[in-house]
Amino acid sequence: MTYQAKQYAHALFGLLKSKDEFEHAITLLKAFKQAYEKETQIRHFFDNPNLHLDQKKSVLLKSLETEPATSEPVKNLLLLMTENLDLFKLSKTIYILKKIGDKHFDILEIRVTTPIALSSDLKHSLEEKFREHDGQTIMIREKVDEQMIGGLMVKVHDRLFDGSISNTLEHLLTHGA
């Protein structure tokens, strides 16, 4: 599965001409992926090997008409994945495409999880701290987790910095004060 997802991601990235096109492609693919994964009827329709390919392509093209700014490369990728019954690989393809684009455009994505929304001052402070060390374009993805007691968790690449209160308490209980 990973090999084909890499092929799809590299092929699409090769056709995108700018950072804006890259970001727009990611947005469109994520929206389609969300509908495909959450709506059982949609997933069953596209994954049904007994339905004729022309029916699937027609439905796909009609659904893409609602987003007039859908680029030809994105449209063609989704058509190809539909034809190959590979839409279930879309999540992995997006993940790989994002990694390729972030590296190419020198973007550092930081995922921040907090119990409440970040203030603009704190968000700006985080951006500045990471920009000082890396000099990259910083993109903060924020997630609010109301189950958290307090603090924050920051994920950069594959590293997680857990500054949540529950993690601190767990550490204290495990290792003593």
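Higher on the page you've got the structure.
The structure displayed is predicted, hence computed values, not measured ones.

So, on to the sheet that holds strand 3 (residues 151-156). Taken in spatial order, the four strands of this open sheet run 2-1-3-4, and their pairing is mixed. Of all strands in the sheet, those bounded by a partner on one side alone are strand 2 (137-144) and strand 4 (159-164). Pairs of neighbouring strands in the sheet enclose a mean axial angle of 15°, with direction left out of account. Here strand 3 pairs with strand 4 via six bridges, running antiparallel.

Together, I149, I165, L169 and L172 make up a nonpolar patch on the protein surface, roughly 360 Å² of accessible area in all. Structurally, I165 is set in helix 8 (residues 165-175). Exposure remark for I165: the relative accessible area of 36% places this residue in the partly exposed category.

What follows deals with the side chain of S164. Along the chain, the position of S164 falls in strand 4. On the basis of relative accessibility, which here comes to 3%, the residue S164 falls in the buried class. A distance of 2.6 Å separates the side chain of S164 from the side chain of D162, its partner in a polar contact. In this structure S164 touches M148, G150, G151, L152 and M153, once residues within four positions along its chain are discounted.

Among the structural elements, F161 can be located in strand 4. Each C-alpha atom, one on F161 and one on F105, is 24 Å from the other, the two residues being 56 residues apart in sequence. Beyond its immediate sequence surroundings of up to four residues, F161 is in contact with L152, M153, V154 and V156.

Looking now at the packing of helix 1 (residues 2-15) against helix 5 (residues 72-83). In contact at an axis separation of 10 Å, helix 1 and helix 5 are set at 160° when each is read in the N-to-C sense. Between helix 1 and helix 5, the angle is such that the two are roughly antiparallel. Helix 5 is crossed by helix 1, and the crossing has right-handed handedness. Here Y8, L12 and L15 of helix 1 come into contact with helix 5, specifically with P73, V74, L77, L80 and M81. For the contact of helix 1 with helix 5, the per-class residue count stands at eight nonpolar, no polar and no charged.

Cut-offs used in this document
- Residues numbered from 1 in each chain as written.
- Predicted model: local features only at pLDDT ≥ 70, side-chain atom pairs only at ≥ 80, totals over all residues.
- Heavy atoms only, no water.
- Pairing = 2+ DSSP bridges.
- Helix = DSSP H or I, 4+ residues; strand = E, 2+ residues; numbered from the N terminus.
- Axes fitted to C-alpha atoms, helices over the stretch in contact; angles between N-to-C directions.
- Patch = residues over 30% accessible without salt bridge, like charges linked within 9 Å, V, L, I, M, F, W, Y side chains within 5 Å.
- Areas by Shrake-Rupley, 256 points an atom, 1.4 Å probe, with all protein chains shown as cover.
- Salt bridge = Lys/Arg side-chain N within 4 Å of Asp/Glu carboxyl O.
- Buried < 20%, exposed > 50% of the residue type's maximum accessible area, 1.4 Å probe, protein only.
- Polar contact = N/O pair within 3.5 Å; in protein donor to acceptor, adjacent residues only side chain to side chain.
- Contact = heavy atoms within 4.5 Å.
- Parallel < 35°, antiparallel > 145°, perpendicular 65-115°, else oblique.
- Left-handed = near helix turned anticlockwise from the far one by under 90°.
- Nonpolar A, V, L, I, M, F, W, Y, C, P; charged D, E, K, R; others polar.

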